[in-house]
Amino acid sequence: KNEVEQSPQNLTAQEGEFITINCSYSVGISALHWLQQHPGGGIVSLFMLSSGKKKHGRLIATINIQEKHSSLHITASHPRDSAVYICAAIDNNDMRFGAGTRLTVKP
Amino acid sequence: NAGVTQTPKFQVLKTGQSMTLQCAQDMNHEYMSWYRQDPGMGLRLIHYSVGAGITDQGEVPNGYNVSRSTTEDFPLRLLSAAPSQTSVYFCASSYGAGPPYGYTFGSGTRLTVV
């Protein structure tokens, strides 16, 4: 069993829909990292959080330490949000990744 | 432009050859790290460094060496390439491993070992 599980693996949405991607982890962590990988392969760091909630534009990340669960929400989704979203559990300096969620937003 | 520069972008090696993947950043970041990304396996941490002169192993360090003689550079060495090392390699840097700092990633190196 992977230490970091993401769901769903693939997600197709219509433009404007509210998106939720889930991440569960079985290891102890000091922080949870959300990443976005563009279709061209480039990786962007979205959020790094150890508690509560963070918001940047239309993206919101939450974490529940007790339940070992984090969610990434995208409000008013747009085709440019189409990418692979990856969560990673950080334990001190070590990082373990989920397999990623491939999001496709159709116009 | 400030960022993480990886070279080369593409490389083909023969089994047994050695090579060094270069990673340089100009943001004065203390934390630097190397990852490999394989289909079906996702990203995996190879080695990391929390500052000049300090390196440590990640999840998949076998077959790779690193050193950190300066804050700016963190090269990854393949001593004797094997087909299992065919992958896309990413380097990243940050002020620290954890929050509140995000990471800056390089554009990746696609390595094929034949």
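What you see is a predicted model; the values in this text were computed from it and never measured. (Residues numbered from 1 in each chain as written. Chains lettered and ligands numbered in written order. Predicted model: local features only at pLDDT ≥ 70, side-chain atom pairs only at ≥ 80, totals over all residues. Heavy atoms only, no water.)

> Got a sec to walk through the overall build of chain B? Specific residues and values, please.
Looking only at helices and strands, chain B has zero helices and 11 strands in total. For chain B, the succession of helices and strands along the chain, N to C, is β-β-β-β-β-β-β-β-β-β-β. Along the first, second and third principal axes, the C-alpha atoms of chain B reach 40 × 30 × 30 Å. Looking at the 114 residues of chain B, the share that counts as buried comes to 51%. In chain B, 53% of the contacts between residues at least 6 apart in sequence involve partners at least 24 apart. (Helix = DSSP H or I, 4+ residues; strand = E, 2+ residues; numbered from the N terminus. Buried < 20%, exposed > 50% of the residue type's maximum accessible area, 1.4 Å probe, protein only. Contact = heavy atoms within 4.5 Å.)

> Explain the overall build of chain A residue by residue, including any values.
From N to C terminus, chain A includes zero helices and 11 strands. Secondary structure elements of chain A occur, N-terminal to C-terminal, as β-β-β-β-β-β-β-β-β-β-β. In summary, chain A has a C-alpha radius of gyration of 13 Å against a globular reference of 13 Å for 107 residues, a match within 12%. The dimensions of chain A, computed from C-alpha atoms along their principal axes, are 40 × 25 × 20 Å. Contacts spanning at least 24 positions in sequence make up 53% of the contacts within chain A whose residues lie at least 6 apart. Between the averaged position of the 10 positive side-chain charges in chain A and that of its 8 negative side-chain charges there is a distance of 5 Å. (Rg over C-alpha atoms; globule rule 2.2 N^0.38 Å. Lys, Arg positive; Asp, Glu negative; His and termini not counted. Charge placed at Lys NZ, Arg CZ, Asp CG, Glu CD.)

> Provide a residue-level description of the packing of aromatic side chains, including the pertinent values.
Taken as a whole and judged by the stated rule, the model has seven aromatic pairs over all chains. What links up through ring pairs into an aromatic cluster is the set Phe97 of chain A together with Tyr31, Tyr35, Tyr48, Tyr103 and Phe105 of chain B. (Phe/Tyr/Trp six-rings, centres within 6.5 Å; stacked < 30°, edge-to-face > 60°.)

> For the sheet that holds strand S3 (residues 19-25) of chain A, give the residues involved together with the corresponding values.
Two modes of strand pairing occur in sheets, parallel and antiparallel, and in both the strands are linked by backbone hydrogen bonds. Residue and element names in this part refer to chain A. Reading across from one edge, S1-S3-S8-S7-S6 is the order of the five strands in this open sheet, with antiparallel pairing throughout. The sheet is open, and its two edges are formed by strand S1 (4-7) and strand S6 (52-56), each paired on a single side. Averaged over all adjacent pairs, the angle separating strand axes in this sheet is 15 degrees, with direction ignored. Strand direction decides the pairing type here: S1 and S3, joined by four bridges, are antiparallel. The residue bridging Glu5 from the neighbouring strand is Ser24, located in S3. (Pairing = 2+ DSSP bridges. Axes fitted to C-alpha atoms, helices over the stretch in contact; angles between N-to-C directions.)

> An account of the state of the cysteines is needed here, citing residue identities and associated values.
Residue and element names in this part refer to chain B. For the coordinates displayed, the defined rule picks out two disulfides over all chains. Between the sulfur atoms of Cys23 and its disulfide partner Cys91 the distance amounts to 1.8 Å. Judged by the torsion about the S-S bond (-70 degrees), the Cys23/Cys91 disulfide is left-handed. Here Cys91 lies in strand S9 (residues 87-94) and Cys23 lies in strand S3 (residues 19-25), a separation of 68 residues in the sequence. Classification of Cys91 by relative accessible area gives buried; the value is 0%. (Disulfide = S-S within 2.5 Å.)

> Talk me through the interface of chain B and chain A; I want residue IDs and the actual numbers.
Contacts between the two partners involve 19 residues from chain B, matched on the other side by 18 residues from chain A. Summed over both partners, the interface of chain B with chain A buries about 1500 Å², with 65% contributed by carbon and sulfur atoms. In terms of surface lost to chain A, no three residues of chain B exceed Leu43, Pro99 and Phe105 of chain B, which account for 33% of the buried area on that side. Remark: the boundary between chain B and chain A carries one salt bridge. A salt bridge links Arg96 of chain A to Glu59 of chain B; its shortest N-O distance comes to 3.9 Å. Inspection of the chain B/chain A interface yields three residue pairs in polar contact (both at pLDDT 80 or more). If you list the elements that add at least two residues to the side of chain B that touches chain A, you get strand S4 (31-38) and strand S5 (42-51) of chain B. Top contributing element to the side of chain B that touches chain A by residue count: S5 of chain B, with five residues. Tallied by class, residues from the side of chain B that touches chain A come to 13 nonpolar, four polar and two charged. (Buried area = accessible area lost by both parts, 1.4 Å probe. Salt bridge = Lys/Arg side-chain N within 4 Å of Asp/Glu carboxyl O. Polar contact = N/O pair within 3.5 Å; in protein donor to acceptor, adjacent residues only side chain to side chain. Nonpolar A, V, L, I, M, F, W, Y, C, P; charged D, E, K, R; others polar.)

> So what's going on with unusual backbone geometry? Which residues, and what values?
Most peptide bonds take the trans form, and the phi angle of most residues other than glycine is negative. A cis amide bond links Ser7 of chain A with the next residue in sequence, Pro8 of chain A, at an omega value of -5 degrees. If you trace the backbone, Pro8 of chain A turns up in the loop between S1 and strand S2 (10-14). Cis geometry is adopted by the peptide bond preceding Pro100 of chain B, which originates at Pro99 of chain B and carries an omega value of 5 degrees. Of note, Pro100 of chain B is situated in the loop between S9 and strand S10 (104-105). Residues other than glycine seldom take positive phi values, yet Lys68 of chain A does so here, at roughly 55 degrees. Examined against the element boundaries, Lys68 of chain A turns out to sit in the loop between strand S7 (59-64) and strand S8 (69-74).

Honestly, it's all geometry; don't read function into it.
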